[in-house]
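# Report on the structure
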Amino acid sequence: MRNAAPVWDLVEARKAPLIALSDAVWAVPELNFTEFRSVALHADALRAEGFRVTPAVGGLPTAVMGEAGEGGPVIAFLGEYDALPGLSQEAGLTRHQPVPGDGNGHACGHNLLGSASLLAATAVKDWLAATGTPGRVRYYGCPAEEGGAGKGFMVRAGVFDDVDAAISWHPYAFATVFPPAALANIRLDFTFTGRAAHAAAAPHLGRSALDAAELMNVGVNYLREHMLPSSRIHYAYQDAGGAAPNVVQSRTVIRYTVRAAELDDMLALAQRVRRVAEGAALMTETTVTCQVVSGMANLLGNPPLEAAMQANLERLGPPPFDESDRAFARDMQATFNPEDIAAALRQVGLPADTDRPLCDAILPYPSPAGPILLGSTDVGDVSWVVPTVQALGATCAIGTTLHSWQMTAQGKSSVAHKGMVHVAKVMAATATDILSDPALLDRAKRDHADRLRRQPYVSPMPPDTHPPIQACP
Ligand SMILES: [Zn+2]
């Protein structure tokens, strides 16, 4: 912690080009494994800052790694830059107005995520050089977080094997430590194959793949009563078999997402879902195959690193939002459902009727209200191979739903820029704590090793699951 103030000055000194990077990535929203322009912008920024750059790290064309420093421990900052489909939105507007184009938008704030991590890495690089401290800092640009499990494939390729500690963050409405409460998940495509027939002239000759999928859903809906309450199962038809009701559908594809708080519980639940699919195939005289699309492990906590990060948050205080930021956030809140604002406040233990447009305090950690659950993240897989700590950065109005047009709208705002710089300071100071305090790193590693002794890591993706990587257009 004694090094925090100098590294905060270095974050301030380097922030302008990295804010510009975030805005440039916001303007080219790209989906899973097609982030070619975004990764090129990150690689250019790494070279401009003097990092040694490895393109396509882990065999993923839209991943990149930059390293600086010599000897010592290796600290990794994880960044992302993928966007979402259907969530395009003009920046700064408080009404829904998509931008003309392909419809993609940065509705999870990953333009900020990559740029703030790179800003923190840059400040730590400069701090290593200024202090002569042995150590290496790396920035990993990781593709396809939104359901693509990019980091899971990078873990499988071994790109984090020599890393001592990993640091990352995610945009949110409050600045706090990211609690280890992300669920393990797996995406499974079930393909049912039956026999087509004329639905009126020869229904007895048909074997319906669509019936099989519907019976599978019924079976899984009964299964829900007999699973852990923290587990989740969702499904969506990828191919319902065709639009004609007078044909017995011979092929249906349905995608399931199975989630659980622990990796082994998730794998066991996925196995039960597979058995339900087999039962549905038996009932309908169809066949079924199951393909793993992607998988993510749950997030492992690391109390020593979380305590170090919380201490830095408390020393730094909340982001320096001003009256015009609060006015913008209030206008944005007027577009939310009041329940969303109340739920966001309650989730962090604040009274639901507080008039509070933006994060204005550092909350206690661990939260007395319990951990904030944000679904799943592929940082989970990294946390099983490297002691990992994450922050949540305050980059949007309280009540903003991730994956909404409002999130896209705030992605280039003064609120987002201040929140990004703030979280970069939190992450950079945590890194310099680790680099200057061998006992802290030792405690973090022992905590991690203890967890792995209790339950070893198994990649949720079998070896025949490959990333759907694309050629650069
Ligand atoms: Zn996200």
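This write-up is about the structure you can find in this document. Note that the structure is a prediction, hence the values are computed from the model and not measured.

Reading the values: rules and limits
- Residues numbered from 1 in each chain as written.
- Predicted model: local features only at pLDDT ≥ 70, side-chain atom pairs only at ≥ 80, totals over all residues.
- Heavy atoms only, no water.
- Disulfide = S-S within 2.5 Å.
- Buried < 20%, exposed > 50% of the residue type's maximum accessible area, 1.4 Å probe, protein only.
- Helix = DSSP H or I, 4+ residues; strand = E, 2+ residues; numbered from the N terminus.
- Expected span 1.5 Å × (residues − 1).
- Contact = heavy atoms within 4.5 Å.
- Phe/Tyr/Trp six-rings, centres within 6.5 Å; stacked < 30°, edge-to-face > 60°.
- Pairing = 2+ DSSP bridges.
- Axes fitted to C-alpha atoms, helices over the stretch in contact; angles between N-to-C directions.
- Arc of directions from axis to C-beta.
- 1 Å grid on protein atoms, 1.4 Å probe; cavity = no way out; pocket = protein on both sides within 12 Å on 5 of 7 lines; lining within 4 Å.
- Points joined across faces, edges and corners; volume = space filled by probe spheres on them.
- Nonpolar A, V, L, I, M, F, W, Y, C, P; charged D, E, K, R; others polar.

Time to look at the state of the cysteines. One pass over the full model with this rule turns up 0 disulfides. Here Cys396 is not disulfide-linked; the sulfur of Cys108 is the nearest cysteine sulfur, at 9.9 Å. By relative accessible area, which is 2% here, Cys396 ends up buried. Between Cys472, a cysteine without a disulfide, and Cys142, which holds the nearest cysteine sulfur, the sulfur-to-sulfur distance is 19 Å.

Our next topic: helix 2 (residues 36–48). With 13 residues, helix 2 extends 18 Å from end C-alpha to end C-alpha; this agrees with the ideal 18 Å at 1.5 Å per step. Looking only at helix 2, the buried set comprises Phe36, Ser38, Val39, His42, Ala43, Ala45 and Leu46. Among the structural elements, helix 1 (4–26), strand 1 (52–55), strand 2 (64–70), helix 3 (110–131) and strand 4 (135–142) are those in contact with the buried residues of helix 2. Looking one or two residues past helix 2, Gly50 carries a phi angle of roughly 90 degrees, positive in sign.

On to the packing of aromatic side chains. On inspection of all chains with the given rule, the structure shows 6 aromatic pairs. Measuring from centroid to centroid gives 6.4 Å for Phe33 and Phe153, while their planes differ by 65 degrees, and the two rings are edge-to-face. Note that Phe33 is positioned in the loop between helix 1 and helix 2 and Phe153 in helix 4 (residues 150–156), a separation of 120 residues in sequence. Judged by relative accessible area, which is 2%, Phe33 ranks as buried.

If you walk across this open sheet you meet the 7 strands as 1-2-4-3-5-11-6, and the pairing is mixed. Every other strand in the sheet has two partners, leaving strand 1 and strand 6 (176–177) as the edge strands with one partner each. Of the pairings in the sheet, the one linking strand 6 to strand 11 (residues 388–394) comprises 2 bridges and is antiparallel in character. When the sheet's bridge partners are listed, Val177 is paired in strand 11 with Ala391. On top of the sheet, helix 3 reaches strand 2, strand 3 (74–80), strand 4 and strand 5 (165–172); it is set at about 155 degrees to strand 3, its chief contact.

Moving on, we get to the sheet that holds strand 7 (residues 184–193). Strand order across the open sheet formed by 4 strands is 8-9-7-10, with antiparallel pairing between neighbours. For this open sheet the edge positions go to strand 8 (232–239) and strand 10 (287–296), each flanked by a neighbour on one side alone. Taken pair by pair, the neighbouring strands of this sheet meet at an average axis angle of 20 degrees, ignoring direction. Where strand 8 lies against strand 9 (residues 251–260), 7 bridges are found, and the strand directions are antiparallel. Pairing of His234 across the sheet is with Thr257, part of strand 9. The strands touched by helix 5 (residues 209–223) are strand 7, strand 8 and strand 9; relative to strand 9, the strand with the most contacts, the crossing angle is about 20 degrees. Strands in contact with helix 6 (residues 263–284) are strand 7, strand 8, strand 9 and strand 10; relative to strand 7, the strand with the most contacts, it is inclined by about 10 degrees.

So, about helix 6. Helix length check: helix 6, at 22 residues, gives a terminal C-alpha distance of 32 Å against a target of 32 Å (1.5 Å per residue), a fit within 8%. Of all the positions in helix 6, only Leu263, Met266, Leu269, Ala270, Val273, Ala277, Ala280, Ala281 and Thr284 are classed as buried. Buried residues of helix 6, seen end-on, are gathered within an arc of 135 degrees and therefore sit on one face of the element. Away from its buried face, by an angle of more than 90 degrees, helix 6 presents the exposed residues Arg275, Leu282 and Met283. Where helix 6 is buried, its residues contact strand 7, helix 5, strand 8, strand 9, strand 10 and helix 10 (379–385). Positive phi shows up at Glu285, right after helix 6, with a value of about 55 degrees.

All right, on to empty space enclosed by the protein then. Scanning the model with the defined rule gives 1 cavity of 30 Å³ or more in all. Here the largest cavity defines a volume of roughly 80 Å³. Lining the largest cavity, in full, are Val177, Phe178, Pro179, Pro180, Leu299, Leu300, Gly301, Glu306, Ser383, Thr388, Val389 and Gln390. Element by element, the count of residues in the lining of the largest cavity is highest for strand 11, at 3 residues. In terms of residue class, the lining of the largest cavity is built from 7 nonpolar, 4 polar and 1 charged.

Here we take up the layout of surface pockets. In this structure, the largest pocket encloses a volume near 1100 Å³. Around the largest pocket, the lining comprises 46 residues; the ones closest to its centre are Cys108, Glu146, Leu374, Leu402 and His403. Counting residues per element, the ones that place at least two in the lining of the largest pocket are strand 5, strand 7, strand 9, strand 10 and helix 9 (338–347). Classifying every residue of the lining of the largest pocket gives 23 nonpolar, 16 polar and 7 charged. A volume near 320 Å³ is recorded for the second largest pocket. Around the second largest pocket, the lining is made up of 17 residues, and of these Pro180, Ala261, Glu262, Asn298 and Leu299 lie nearest the centre. Broken down by class, the residue content of the lining of the second largest pocket amounts to 9 nonpolar, 4 polar and 4 charged.

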